[in-house]
Amino acid sequence: MRKFYAPASIGNFCVGFDSLGASLAPIDGQLLGDVVYIEQANDDRFECIGEYAHKLPTDPKENLAFQCLTHFRAQVKSDMPSVSLTLEKKLPVGSGLGSSACSVVATFAALNAFAGTELSQSQMIELMADFEAKVSGARHYDNITPCYLGGLQLTAELVPDRALALPVDPNWYIVVAYPGFALNTSKARSVLPATLTLSESVEFAQRMSSFCTLLQLNRFDEAVVLMQDNVAEPSRSPLIEGFKEAKLSLPELGASVVSISGAGPTLFALCDSLEIAQKCQNWLKSNYLNEQGFSHICKIDSMGTRELV
Ligand SMILES: Nc1ncnc2c1ncn2[C@@H]1O[C@H](COP(=O)(O)OP(=O)(O)OP(=O)(O)O)[C@@H](O)[C@H]1O
Ligand SMILES: N[C@@H](CCO)C(=O)O
């Protein structure tokens with residue numbers, strides 16, 4: 001039996017709507033992401049287990065991981081031996097942590113390794129993005145590529161090889177807080193502005209391009225100052241109970257940035273010390289999470305999807 005783990009990620013990373021994404025590694029070593037188990041079998045079998053399995057449709061045909069298996073057999077390797085595939089669903093659905101991307105990326109990574117197909121990185125990314133597009137209502141790569149490759153990625157159709165890794169400040173701590181309720185990505189996309197004015201578009205381009213360039217120059221503190229989301233956050237924040245209060249309170253505790261992770265409702269706070277991160281996490285535990293919620297203090301994961309041994 002082989003096991004593949006795909007980590008959670010923060011889409012948009014505040015300043016790069018649909019174009020920046022960061023992979024997450026909790027500092028306590030917990031696995032925050034989905035795991036796929038694969039082994040040869042007499043016929044194709046699929047099972048979904050884990051803490052959030054009950055939140056997914058019971059019909060395997062409606063599970064993205066099973067759909068990836070069917071697609072891989074039909075389009076990539078029809079003579080692949082039969083497999084038993086198990087998805088351990090460890091991330092809540094509709095969380096803003098790239099939950100569907102985790103299932104898709106872990107499954108394709110497992111199938112590619114099991115079948116020995118050795119698809120190129122670009123082929124893998126395209127396969128994965130096709131499935132992300134099915135559920136979120138738009139083709140975007142900002143959960144797929146950080147989840148697959150690790151790191152903070154500038155990632156979009158126009159980006160060479162779909163992804164360019166950016167340097168990150170080794171001092172950054174990222175507190176993620178999932179409040180305990182779901183927000184469907186397609187719903188969170190339906191409230192977005194249909195158009196941006198010329199000045200809004202120019203400001204977005206200036207922020208994102210300067211942010212990426214400053215990271216390349218290791219001028220991290222100046223990059224962080226530019227982290228403001230004028231594209232998605234204003235229309236999405238009313239959908240997320242408690243977000244506005246957190247956005248006001250966490251900077252008083254020292255957070256450098258507070259923003260929505262992906263489509264929400266998970267919130268992330270970027271902090272430049274562990275002490276600040278712990279204070280922010282305590283506040284979030286008392287004021288943002290319900291009984292189903294959770295929070296982790298993370299670093300940016302540098303490994304992406306990997307086989308667990
Ligand atoms: N293995 C799976 N993992 C996650 N979602 C799945 C899976 N299989 C099917 N789905 C369905 O896909 C949809 C995913 O919705 P959505 O894009 O809002 O969630 P998400 O990917 O979990 O969100 P986010 O990227 O914000 O974490 C849901 O309707 C869910 O039932
Ligand atoms: N960039 C996507 C991420 C979805 O998790 C969005 O904000 O809708």
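Residues numbered from 1 in each chain as written. Chains lettered and ligands numbered in written order. Predicted model: local features only at pLDDT ≥ 70, side-chain atom pairs only at ≥ 80, totals over all residues. Heavy atoms only, no water.

**Details of the pairing of strand 5 (residues 45-49)**
- Bridging between strand 5 and strand 6 (residues 83-88) involves five bridges; their strand directions are parallel. What sits directly across from isoleucine 49, in strand 6, is glutamate 88.
- Traced from strand 5 through helix 1 (residues 64-76) to strand 6, the parallel crossover comes out left-handed. (Pairing = 2+ DSSP bridges. Helix = DSSP H or I, 4+ residues; strand = E, 2+ residues; numbered from the N terminus. Right-handed = clockwise from strand over helix to strand, strands pointing away.)

**A short note on the sheet that holds strand 5**
- Strand order in this open sheet of five strands is 5-6-4-1-13, and the pairing throughout is mixed. Sheet topology places strand 5 and strand 13 (306-308) at the edges, where each strand pairs with a single neighbour. Sheet twist, expressed as the mean angle between neighbouring strand axes with direction ignored, is 25°.
- Examined bridge by bridge, strand 1 (residues 2-7) and strand 4 (residues 33-40) share six bridges and lie antiparallel to one another. Directly across from alanine 6, in strand 4, lies its bridge partner aspartate 34. (Axes fitted to C-alpha atoms, helices over the stretch in contact; angles between N-to-C directions.)

**Some points on the domain arrangement of the protein**
- Domain boundaries assigned for the protein yield domain 1 (2-165 + 303-308) and domain 2 (173-299).
- The centre of domain 1, based on its C-alpha atoms, is set 23 Å off from the matching centre of domain 2.
- At the junction of the two partners, domain 1 supplies 33 residues and domain 2 supplies 42 residues.
- Across the domain 1/domain 2 interface, buried area totals approximately 2,700 Å², and carbon plus sulfur atoms make up 69% of it. (Domains from an automatic or database assignment. Contact = heavy atoms within 4.5 Å. Buried area = accessible area lost by both parts, 1.4 Å probe.)

**Some thoughts on the side chain of asparagine 63**
- Structurally, asparagine 63 is set in the loop between strand 5 and helix 1.
- The class of asparagine 63 is buried, set by a relative accessible area of 4%.
- Once residues within four sequence positions are removed from consideration, asparagine 63 is found in contact with Phe46, Cys48, Leu56 and Leu87. (Buried < 20%, exposed > 50% of the residue type's maximum accessible area, 1.4 Å probe, protein only.)

**A word on the pairing of strand 10 (residues 257-260)**
- Every second residue of strand 10 is oriented toward a common face, with Val257 and Ser259 on one face and Val258 and Ile260 on the other, all of them buried.
- Relative to strand 11 (residues 267-271), strand 10 runs antiparallel, the two sharing four bridges. Within the sheet, the bridge partner assigned to valine 257 lies in strand 11 and is leucine 270.
- Linking strand 10 back to strand 11 in an antiparallel pair, the connection comprises six residues, with glycine 262 at a positive phi of about 55°.

**A word on the nonpolar core**
- The biggest cluster of nonpolar side chains holds 74 residues, and the ones touching the most others in it are Phe13, Leu20, Phe108, Ile174, Val176, Phe211 and Met227.
- Broken down by element, the residue count for this core peaks at nine residues, all from helix 2 (residues 99-115).
- Sequence-distant contacts of valine 176, defined by excluding residues within four places in its chain, comprise Ile10, Leu24, Leu32, Leu97, Thr266, Leu267, Phe268, Phe294, Ser295, His296 and Cys298. (Core = buried A, V, L, I, M, F, W, Y, C linked by side-chain atoms within 4.5 Å.)

**Quick word on helix 6 (residues 198-216)**
- Spanning 19 residues, helix 6 covers 27 Å between terminal C-alpha atoms, matching the ideal 27 Å at 1.5 Å per step.
- Of the residues making up helix 6, those classed as buried are Arg207, Met208, Phe211, Cys212, Leu214 and Leu215. Burial along helix 6 is one-sided: seen end-on, the buried residues are contained in an arc of 165°. Looking at helix 6, the residues exposed on the side facing more than 90 degrees away from the buried face are Leu198 and Ser199.
- Buried residues along helix 6 sit against strand 3 (20-26), strand 7 (152-155), strand 8 (163-166) and helix 7 (220-225). (Expected span 1.5 Å × (residues − 1). Arc of directions from axis to C-beta.)

**Overview of the site of ligand 2**
- Within the structure, ligand 2 sits among Asn12, Phe17, Asp18, His140, Asp142, Asn143, Thr185, Arg189, Arg236, Gly262 and Ala263.
- In the environment of ligand 2, an oxygen atom lies 2.7 Å from a nitrogen or oxygen atom belonging to the side chain of arginine 189.
- Protein burial of ligand 2: of its 260 Å² of free accessible surface, 97% is covered by the chains.
- For the shell around ligand 2, a count of residues per class yields two nonpolar, five polar and four charged.
- Counting residues domain by domain, the shell around ligand 2 receives three or more from each of domain 1 (2-165 + 303-308) and domain 2 (173-299). (Near = heavy atom within 4 Å. Polar contact = N/O pair within 3.5 Å; in protein donor to acceptor, adjacent residues only side chain to side chain. Areas by Shrake-Rupley, 256 points an atom, 1.4 Å probe, with all protein chains shown as cover. Nonpolar A, V, L, I, M, F, W, Y, C, P; charged D, E, K, R; others polar.)

**Digging into the packing of helix 1 against helix 2**
- Relative orientation of the contacting elements helix 1 and helix 2 amounts to 35°, with a least axis distance of 9 Å. Judged by the sense of rotation from one axis to the other, the crossing of helix 1 with helix 2 is right-handed. Here Leu64, Ala65, Cys68, Leu69, His71 and Phe72 of helix 1 lie close against helix 2, whose contacting residues are Ser100, Val104, Thr107, Phe108, Leu111, Asn112 and Ala115.
- Taken together, the residues of the contact of helix 1 with helix 2 break down into nine nonpolar, four polar and no charged. (Left-handed = near helix turned anticlockwise from the far one by under 90°.)

**Some details on the site of ligand 1**
- Inspection of the region around ligand 1 gives 19 residues, with Leu64, Gly94, Gly96, Ser100 and Thr185 positioned closest.
- Here asparagine 63 contributes a side-chain N or O atom positioned 3.1 Å from a nitrogen atom of ligand 1.
- Between ligand 1 and the protein, one listed contact pairs an oxygen atom with a backbone N or O atom of glycine 94 at 2.7 Å.
- Summarising the interface, the protein chains cover 88% of the accessible area of ligand 1, which totals 620 Å² for the free molecule.
- A per-element tally of the shell around ligand 1 places helix 2 first, with three residues.

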